[in-house]
Amino acid sequence: MKENEWGRLANKMLQLIAGRVSSLVARRATLALTTSSARMASHAPDPEVTEAVDMSRPMYWDRLDTPLPDKLYKDELSAAEKSLKEKEKGPWSQLTNEEKIALYRLSFHQTYAEMNQPKSEWKTVVGGIFFFVGFTALVVWWQRVYVYPPRPRTFDDEWQAKQLQRMLDMRINPIEGFSSKWDYEKGQWK
């Protein structure tokens, strides 16, 4: 290569490097000076904006495979619920059925029967499937009408009959093939 070409190549490389460095510096400066609400909210200590859940602490959830959750359903009890909890420490034969149910509801949100109730989620799934099948059918119809060319004339029944007659007239593959199944004397298939 000549010295002139080396000079042009080096100049081009310097321009590329300078462009990339300047775009990187501009991006960094923009991020540093930006005070967008989304960026500030992600780092805000205010619990109203973002509330972090401590996953290391025990949590409550109703699951069929976990009969006893790590934590009770209700943590903060009212005065009536506190008195009921005190009454729980005594003999259970003195508790009414309503009190027993209320105690159960303090510990658990749902019973097994409530968790096993059939959900209506299948309706949403079937509806979504029908929606996407219908949308796909609409796209296919649109393509047939507006995208694809018209059907070739070689697919018409009349064309197919003429093509068949032409092949028979030319006696194509007369020993084992097509023409061997045609009776030329009677003019019909064997």
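In this text the structure is predicted, and so the values were computed from the model without any measurement.

Enquirer: Break down the confidence of the model for the chain for me, citing the residues and quoting the values.
Expert: Here the chain averages 84 in pLDDT, while 88% of its residues score no lower than 70. When the elements of the chain are averaged for pLDDT, helix 2 (residues 37–42) gives the smallest value, 52, and helix 6 (residues 121–147) the largest, 96.

Enquirer: I'd like to hear about the environment of Glu-81, residue by residue, with values.
Expert: Examined against the element boundaries, Glu-81 turns out to sit in helix 3 (residues 79–88). Considering only alpha carbons, one finds Glu-81 and Leu-103, 22 residues apart in sequence, at a separation of 8.2 Å. Contact partners of Glu-81, with chain neighbours within four places excluded, come to Lys-74, Glu-76 and Leu-106.

Enquirer: Could you give an account of the UniProt feature "transmembrane region" (unreviewed entry) in the chain, with specific residues and numbers?
Expert: Mapped onto the present numbering, the UniProt feature "transmembrane region" (unreviewed entry) falls at residues 125–143. Within residues 125–143, the helical portion is 100% and the strand portion 0%, while the C-alpha atoms at the span's ends are 27 Å from each other.

Enquirer: Please set out the pattern of salt bridges residue by residue, giving values where relevant.
Expert: Opposite charge on two side chains allows them to pair when their charged atoms are near. Using the criterion set out here, one finds eight salt bridges in the structure. With a shortest N-O distance of 3.1 Å, Glu-81 and Lys-74 are connected by a salt bridge. Here Glu-114 makes a salt bridge to Arg-105, at a shortest N to O gap of 2.8 Å. Accessibility expressed as a relative area gives 27% for Glu-114, which makes it partly exposed.

Enquirer: Could you give an account of a nonpolar patch on the surface, naming the residues involved and the relevant values?
Expert: A grouping of Phe-131, Phe-132, Phe-135, Leu-138, Val-139, Trp-141, Trp-142, Val-145, Tyr-146, Val-147 and Tyr-148 is seen on the molecular surface, where their side chains present a nonpolar patch of about 1,200 Å² in accessible area. By the secondary structure assignment, Trp-141 is in helix 6. Residue classification places Trp-141 among the partly exposed residues on the basis of a relative accessible area of 49%.

About the cut-offs
- Residues numbered from 1 in each chain as written.
- Predicted model: local features only at pLDDT ≥ 70, side-chain atom pairs only at ≥ 80, totals over all residues.
- Heavy atoms only, no water.
- pLDDT = per-residue confidence, 0-100.
- Helix = DSSP H or I, 4+ residues; strand = E, 2+ residues; numbered from the N terminus.
- Contact = heavy atoms within 4.5 Å.
- UniProt positions renumbered as here; feature names shortened; annotations may be inferred.
- Salt bridge = Lys/Arg side-chain N within 4 Å of Asp/Glu carboxyl O.
- Buried < 20%, exposed > 50% of the residue type's maximum accessible area, 1.4 Å probe, protein only.
- Patch = residues over 30% accessible without salt bridge, like charges linked within 9 Å, V, L, I, M, F, W, Y side chains within 5 Å.
- Areas by Shrake-Rupley, 256 points an atom, 1.4 Å probe, with all protein chains shown as cover.

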